[in-house]
Amino acid sequence: MIDLISSAWAYFMNRQDLMFIVLREHVMLVLWSTFFTVIIGVPLGIAISRTEKLRDLVLGSVSILYTIPILALFGFLIPIIGIGSTPALIALVIYGLLPVIRNSCVGITQVHPLLKESAKGMGANNMQLLFKVEIPLAFPVIFAGIRTALVMNFSLATYAVFIGAGGMGRIIMQGIRTFNTGMMLAGILMVVITTVLLERLVGYVDNRVQKRYSLSD
Amino acid sequence: MTREVSVELQNVIKKYGQDKVVDQVSFSVEKGEVFVLIGPSGCGKTTTLKMINQLIPHTSGNILVNGTDVTKLDVVELRRSIGYVIQYIGLLPHLTIQENIAFVLKLTRHPKKNQKERAEELIEIVGLELNHLKRYPRELSGGQQQRVGVARALAANPDILLMDEPFGAVDPLTREQLQNELLRLQESIQKTIVFVTHDMQEAFKIGSRIGILREGKLVCLGSPMEIVKSEDEFVKNFIGQGALFEVFDTIPVSKILEKNVPLVHDNEKVDLTAEKLNDWENVFVVDSDGNCQGYIPLSSLEKDGSFQKDKINPLPKATFSDTSVKLAVEEMLWGGRTWLPVVDGHSSFKGIVQFRSCARLLDLEGR
């Protein structure tokens, strides 16, 4: 066991350059996919909060997409788009959409009707109502959805190697193929540690957000 | 002289499907008065109120605000020109008190500096301190939040305020305090207020006129005294027993104060031939400064109208001229008296209030 860890450590120290490259690929992939998830998911979630029919349709189809295993999704995307970071990005966006859309929709519908009414009664127009009342009040819930999507995509991005988009999965895959346990373990540890760190970080930010916006104490 | 009408409803109907929740309601609210809409839950009082600022559009009839049909106005502009107060949960929890008060000014893009100044001005008017401005609504008590709600409605200096059970969610003590403050505030700001409540006591206390709604219909409309005297069975049941006392609670004794009491200087004789004496049992003795020393029953006077100083009875505990008639009556009952002396804020003798004039209050029309 100690041998394994020291070999992983040795690999890590020897190939710091490669480690940095895969980490960068990984982070960029996750950041971009989360960016697109938010750009698409939040407005869509807000839109479907207004009409119940559309809500069932959109949430239903996004849930179905969400249940497709990622390898099957890659298999589906390769013939259409090919390989590389674009299909990986698309796959990650598809997975991230469900929590973001659902939370945006729930967050907006949860805003107390009395608050909306009092804002309207004071003369807020529809845009002001949305941007000055509904979105700020729904923000903790929306943010929780983004948090889920971000952390989930960070661990899912390990699969991106199967479609040629790189990321930390590269080290693990290569380690497995070449029976290089040090390399494999170095990759695994890196994924685990960075995911935990990220989870902690967004968790901390999330707590701050919840405190700042929470209605009770 | 006709008084200016601020809000007028003419045969207003609101239908949800086939249900008429507001049915042929007509009333007009004069400038500067507090008009209370009251009724059991589901009577349409809140709906009626919300139709005035078109939060709920009416089905038919006319609603005029300052003489203009509301359907001809831009609905956002209309709402910005009318103050709107609801229960304290209506404060926006993500904004500070200052931002909450200045919300309407923010919506209308007033400069930040104006917003701040107006908030500072208003927070003091409603009896809070400047350091509350930086806090969030959840950090304030219910009563304080409700005050902020009133300040917020006043921010754009509207002529008309709509208040929807504004004090419904605070404890009875705070509620009474807020009612008193509203009345005090109203004396200086003189807004036209349409006030919805389900609390009859509150209605009697703050309303200059009261409209009682039942199943969407306006069944009774008038001053508190007129409401109390209503013969309508529903109204009688609704306002309940003891309502008269609630009304008496809102009338100050100055309304029935008798200033013209027989007086005598402490070194003079009572003029027994004065016609004025006929209605009285007592003569009040004043010194050269006009302070009342006490009273003498007519029966204790000598034949020529003179009297001995030791016959002067000290005055019973006086009541203030702004005390309510209800309290004065209570005071009389406790003391076993039929009258009380009345003093003003500087404890100088103003006259007396008599039990029989309380009894006659009912005959007085209105307040």
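What counts and how
- Residues numbered from 1 in each chain as written.
- Chains lettered and ligands numbered in written order.
- Predicted model: local features only at pLDDT ≥ 70, side-chain atom pairs only at ≥ 80, totals over all residues.
- Helix = DSSP H or I, 4+ residues; strand = E, 2+ residues; numbered from the N terminus.
- Buried ≥ 20, exposed ≤ 12 C-beta atoms within 10 Å, placed from the backbone.
- Contact = placed C-beta atoms within 7 Å.
- pLDDT = per-residue confidence, 0-100.
- Pairing = 2+ DSSP bridges.
- Axes fitted to C-alpha atoms, helices over the stretch in contact; angles between N-to-C directions.

**Some points on the overall build of chain A**
And step 1. Counting secondary structure elements, chain A contains 9 helices and 0 strands.
And step 2. When the elements of chain A are put in sequence order from the N terminus, they spell out α-α-α-α-α-α-α-α-α.
And step 3. Along the three orthogonal principal directions, the C-alpha set of chain A runs to about 70 × 45 × 25 Å.
And step 4. In chain A, buried positions account for 39% of the 217 residues.
And step 5. Within chain A, counting contacts between residues at least 6 apart in sequence, those at least 24 apart form 74% of the total.

**Digging into the confidence of the model for chain B**
And step 1. Predicted confidence across chain B gives a mean pLDDT of 87, with 97% of residues reaching 70 or more.
And step 2. Prediction confidence for the complex, expressed as pTM and ipTM, is 0.78 and 0.78 respectively.

**Looking at the sheet that holds strand S1 (residues 5–16) of chain B**
All names here are of chain B.
And step 1. Read from one edge to the other, the open sheet built from 4 strands follows the order S2-S1-S4-S5, with strand pairing classed as antiparallel. What marks the edges here is a single partner per strand, and that holds for strand S2 (19–30) and strand S5 (68–69).
And step 2. Summarising the sheet, S1 and S2 pair through 8 bridges and their orientation is antiparallel. If you follow Val 7 over to S2, its bridge partner there is Val 29.

**With respect to the sheet that holds strand S14 (residues 319–320) of chain B**
All names here are of chain B.
And step 1. Read from one edge to the other, the open sheet built from 3 strands follows the order S14-S15-S16, with strand pairing classed as mixed. Taken across any chain shown, the strands that pair with only one partner, and hence form the sheet edges, are S14 and strand S16 (349–354).
And step 2. Direction of pairing for S14 relative to strand S15 (residues 339–343): parallel, over a ladder of 2 bridges. Counterpart to Phe 320 in the pairing with S15 is Val 343.
And step 3. Packed on one face of the sheet, helix H12 (residues 325–335) meets S14, S15 and S16 and runs near 130 degrees to S15.

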